[in-house]
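# An overview of the molecular structure
Okay, here's what each chain looks like letter by letter:
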Amino acid sequence: MSLKSPPDALLSRSLDAVWHPCTQMKQHEQTPLLAIARGQGPWLFDTDGKRYFDAISSWWVNLFGHANPRINAALRDQLDTLEHVMLAGCTHQSVVELSERLAALTDGALGHCFYASDGASATEIALKMSHHYWRNQGCAAKQNFLCLEGGYHGETMGALSVTDVALFRDAYASLVRALHTVPSPDARQAEAGETAADVARRAATALEKVLEREHGNVAALIVEPLVQCASGFAMHDPEYLRLARALCDRYEVHLIFDEIAVGCGRTGTFFAHEQAVVQGQPVRPDFLCLSKGISGGYLPLSIVMSTDAVYRAFYDDSTARGFLHSHSYTGNPLACRAALAVLDIFEKDDVLAQNEQRAALLTAQLAPLKAHPQLRHFRQRGMIWAFDVADAPADFSRRFAAAAQRRELLLRPIGNTVYLMPPYVLDDASSAWLAQGVIDTLHEVCPA
Ligand SMILES: Cc1ncc(COP(=O)(O)O)c(C=O)c1O
């Protein structure tokens, strides 16, 4: 292995042998890869010993820092006990405990956990389960899925059928089912005098019109609650989730919450949807997709949680009425054990309360950004911060990332939107340092 090979050799070998994700490989002629040798807390260290602050939690997965001693210890123990067993016909302690603890976090409303390895697979499972549910109920015409404009739910073929990001979809459009979008409740669309809740109500009215007309063909609406992350961190008011739930009930359409990015404390509550409350109770979906942070950024793991009503519709003497979907690593014990360690940290460290303080501090420290003449729509929810840059120079995203990197900051803007999603290990000093780094980077790339 090559950690000891000269850094340049590692980089060129990677470019030869590794096809990197979400990347036009030719661009690496100008922008070198980072060859990472190790991680510690929020820091990544390259093969030259230079450090980078992982301000986006390595694609939003790393919640408690790299090489976290508690997750490491749990994994070592699991490794010496059971590394893997197939989940068809077998079960094991970690998957049972994880399913029970997740169900308890929804007060038992979503008591059935189906496992896979990545976020896109969770989307596929929720879509397939929803359609199969309706088929088992004698409503096979319910085959379509609604998603929000700008929605992103993964890049496999099924997930692309509910992903409204042209760059990811266009090349495969002829292979993928037609997209059915409804307006996004993106609060940035507020007109003069309108609140975010007003925008949410407007979007819900548009949803109602579609459901009125189409509900006989629609299996489910899929929504990323509170923040549509991958398409540019569009944030919305929880009112949309309340109204969408009521409309889905009225028109007999499933509601899928994709909390792959926004779950696990990212928006301030453990599940983002807990912020949408009706009569003192959170609005629950029929299917909840989790992935990314649930394993602390250690191992690929995704989970689709569903209700008793969904589960019962598959429970039958007929094999074909069952949910015959599987992946080899479904319910992998190591990944489940990492997730259990993550839940332990949430409980023992009162992470949500600590994050509230971290979020307030970093928001205040980032406030000087708002004076920049090109800054638009500074926004924050929980441990997510984002802002847009108007009249940005060509190639803004790459220039910003490169300038940030020179300041030891790992950032990856999406188009002209800069966002921060740091791990939940930010102390006061690193918070101040991070804010200053972002402010200085913006001023370097867009001199005011
Ligand atoms: C909301 C959402 N859904 C689904 C996915 C797909 O997850 P994965 O990349 O693990 O397939 C992502 C990935 O960023 C996501 O943000």
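Along each chain, residue indices are assigned from 1 in the same order as the chain's sequence is written. With the structure being a predicted model, the display of local features is reserved for residues of pLDDT at least 70 and the display and counting of side-chain atom pairs for 80 or more, all residues being used for whole-chain, interface and lining totals. Where side-chain values are given, they derive from all heavy atoms of the structure, hydrogens and water being excluded.

### Observations concerning the overall build of the chain
Regarding its fold elements, the chain presents 14 helices and 18 strands. When the backbone C-alpha atoms are referred to their principal axes, the chain occupies close to 60 × 60 × 45 Å. Think of it in three bands: with a 1.4 Å probe and only protein chains considered, a residue is buried below 20% of the maximum accessible area for its type, exposed above 50%, and partly exposed in between. For the chain, the residues scored as buried account for 53% of the 448 residues in total. Contacts: residue pairs with any heavy atoms within 4.5 Å of one another. Taking as baseline every contact in the chain between residues at least 6 positions apart, the subset at least 24 positions apart corresponds to 71%. Only the protein chains shown count as cover for residues, and all accessible areas are computed by the Shrake-Rupley method using a 1.4 Å probe. Of the roughly 19,800 Å² of accessible surface on the chain, 53% is carried by carbon and sulfur atoms. Just so you know, the count uses Lys and Arg for positive and Asp and Glu for negative, and it drops His and the chain ends. One atom stands in for each charge, and that atom is NZ of Lys, CZ of Arg, CG of Asp or CD of Glu. Of the charged side chains in the chain, 39 are positive and 50 negative, and the gap between their average positions amounts to 3 Å. By definition, any uninterrupted DSSP run of H or I lasting at least four residues is a helix, any uninterrupted run of E lasting at least two residues is a strand, and each is numbered from the N terminus.

### Some words on the environment of Glu149
When you line up the elements, Glu149 lands in the loop between strand E5 (144-148) and helix H6 (157-160). Among residues more than four places away in sequence, those in contact with Glu149 are Asp164, Thr181, Val182, Pro183, Ser184 and Gln228.

### Quick look at the site of the ligand
A cutoff of 4 Å decides nearness: a residue is near a molecule or strand if any of its heavy atoms lies inside that distance of it. Every residue lining the ligand is accounted for by Trp60, Asp118, Gly119, Ala120, Tyr152, His153, Gly154, Glu224, Asp258, Ile260, Ala261 and Lys292. In protein, a polar contact requires one atom able to donate a hydrogen and another able to accept it; more generally it is a pair of N or O atoms within 3.5 Å, and residues adjacent in sequence count only if both atoms are side-chain atoms. Here an oxygen atom of the ligand and a backbone polar atom of Gly119 are 2.8 Å apart. The contact in question runs from an oxygen atom of the ligand to an N or O atom on the backbone of Ala120, over 2.8 Å. Relative to its unbound accessible surface of 390 Å², the ligand loses 82% to contact with the protein. Counted by class, the shell around the ligand contains five nonpolar, three polar and four charged residues. Each residue gets one label: Ala, Val, Leu, Ile, Met, Phe, Trp, Tyr, Cys and Pro are nonpolar, Asp, Glu, Lys and Arg are charged, and the others, such as Gly, are polar.

### Looking at the sheet that holds strand E4 (residues 112-116)
In this analysis, strands are considered paired if DSSP registers two or more bridges between them. Spatial strand order, E4-E14-E13-E10-E7-E5-E6: seven strands in an open sheet with mixed pairing. Strand pairing shows two members of the sheet lacking a second neighbour, E4 and strand E6 (180-182), which therefore form its edges. Sheet twist, expressed as the average angle between the axes of neighbouring strands with direction ignored, equals 25°. Alignment of E5 against E6, held across three bridges, turns out to be parallel. Among the inter-strand pairings, Cys147 is bridged to a residue of E6, identified as Thr181. Sitting on the sheet, helix H8 (residues 196-214) is in contact with E5, E6 and strand E7 (218-223), with an inclination near 175° to E5. Under this scheme, a helix contributes an axis fitted over its contacting stretch, all axes are lines through C-alpha atoms, and angles between N-to-C directions fall in the 0 to 180 degree range. Against the sheet, helix H9 (residues 239-250) contacts E5, E6, E7 and strand E10 (254-258), and its axis sits at roughly 150° relative to E10.

### What about the domain arrangement of the chain?
Domain ranges listed in this record stem from an automatic or a database domain assignment. What the domain assignment lists for the chain is domain 1 (34-67 + 356-445) and domain 2 (72-349). Look at where the C-alpha atoms of domain 1 and domain 2 centre, and you get two points 27 Å apart. Taken residue by residue, the interface counts 24 residues in domain 1 and 27 residues in domain 2. Summed over both partners, the interface of domain 1 with domain 2 buries about 2,200 Å², with 65% contributed by carbon and sulfur atoms. Each of two parts loses accessible area, computed with a 1.4 Å probe, when they are put together; buried area is these two losses added. Interface area lost by domain 1 to domain 2 is led by Trp60, Phe64 and Arg381, which between them contribute 32%. Salt bridge, as used here: a side-chain nitrogen of Lys or Arg that lies within 4 Å of a carboxyl oxygen of Asp or Glu. Taken together, the connections running from domain 1 to domain 2 amount to one salt bridge. A salt bridge links Asp388 to Arg188; the nearest nitrogen and oxygen atoms lie 2.9 Å apart. The interface formed by domain 1 and domain 2 includes eleven residue pairs in polar contact (both at pLDDT 80 or more).

### What about the sheet that holds strand E15 (residues 375-381)?
Strand order in this open sheet of three strands is E15-E16-E18, and the pairing throughout is antiparallel. The strands lining the two open edges of the sheet, one partner per strand, are E15 and strand E18 (417-420). The average angle at which neighbouring strand axes cross in this sheet is 15°, direction not considered. Direction of pairing for E15 relative to strand E16 (residues 384-389): antiparallel, over a ladder of five bridges. The residue bridging Arg379 from the neighbouring strand is Ala386, located in E16. Sheet contacts for helix H14 (residues 428-445): E15, E16 and E18; angle to E16, the most-contacted strand, approximately 10°.

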